[in-house]
Amino acid sequence: MTLSRALLLASLLGPAAVLGAALFSQYVGGLAPCPMCIWQRWPHAIAIALAALALLLVPRPASRLVAKAALGAGALALLVGAGIGVFHAGVELGYWEGPSTCVGGDISTLSTEALIAQIQGAPLVRCDEIAWSFAGVSMAGWNAILSLGLAALTALAARRL
């Protein structure tokens, strides 16, 4: 197997592994995702689809430029995923506030009725709480790190085609 082909396969299998791990942790491990966790999955799904397209097009010399463009777009999608991961990790660590749809707000000024309404309308999983971490890095942080590395790998695959 050539290096170009190995990089192309890695640009498909890498995001698939990350997305698979997220789905495994949800459906087998019982770790419910917050809205921002779901957002982080989309760039991986897009990168998988684009890498699969590139894999199909590479054998056709006339389509090699389209395959390169697909991989380049996949790398950009993974960069977006890394950005979402950094933003989410920052929300978890309290560096900045997340979207109002998935974080708790200040409740000190709420009436009892307003507090009950907020509790009943609140999402089940909050984005500003770390649900799982490894080596001191949350799942969002790992997603950012892995997405950045996979973006570089996918860009290299595009360059080597």
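If you're wondering where the values come from, they're calculated on a predicted model, not measured in any experiment.

Right, let's talk about the overall build of the protein for a bit. Check the secondary structure of the protein and you find 5 helices and 2 strands. In sequence order, the protein lays out its α and β elements as α-α-α-α-β-β-α. Counting the 161 residues in the protein, one finds 37% classified as buried. The long-range fraction of contacts in the protein, counting pairs at least 24 apart against all pairs at least 6 apart in sequence, stands at 75%. A total of about 9,100 Å² of accessible surface is found on the protein, and carbon and sulfur atoms cover 70% of it.

With that settled, the discussion passes to the packing of helix H3 (residues 64–92) against helix H5 (residues 139–160). At a closest axis distance of 7 Å, the pairing of H3 and H5 adopts a crossing angle of 165°. Between H3 and H5, the angle is such that the two are roughly antiparallel. Once H3 is placed against H5, the crossing between them reads as left-handed. Considered class by class, the residues forming the contact of H3 with H5 number 15 nonpolar, 9 polar and 3 charged.

If you trace the backbone, Ser 138 turns up in strand S2 (residues 137–138). For Ser 138, a relative accessible area of 8% corresponds to the buried category. With residues near it in sequence (within four places) discarded, Ser 138 still touches Ala 89, Glu 92, Ile 130, Trp 132 and Ser 133.

This part covers the packing of aromatic side chains. For the coordinates displayed, the defined rule picks out 3 aromatic pairs. Ring geometry for Phe 134 versus Trp 142: centroids 6.2 Å apart, planes at 40°, classification tilted. With a relative accessible area of 52%, Phe 134 lands in the exposed category. Given a relative accessible area of 27%, Trp 142 falls into the partly exposed group.

Cut-offs applied
- Residues numbered from 1 in each chain as written.
- Predicted model: local features only at pLDDT ≥ 70, side-chain atom pairs only at ≥ 80, totals over all residues.
- Heavy atoms only, no water.
- Helix = DSSP H or I, 4+ residues; strand = E, 2+ residues; numbered from the N terminus.
- Buried < 20%, exposed > 50% of the residue type's maximum accessible area, 1.4 Å probe, protein only.
- Contact = heavy atoms within 4.5 Å.
- Areas by Shrake-Rupley, 256 points an atom, 1.4 Å probe, with all protein chains shown as cover.
- Axes fitted to C-alpha atoms, helices over the stretch in contact; angles between N-to-C directions.
- Parallel < 35°, antiparallel > 145°, perpendicular 65-115°, else oblique.
- Left-handed = near helix turned anticlockwise from the far one by under 90°.
- Nonpolar A, V, L, I, M, F, W, Y, C, P; charged D, E, K, R; others polar.
- Phe/Tyr/Trp six-rings, centres within 6.5 Å; stacked < 30°, edge-to-face > 60°.

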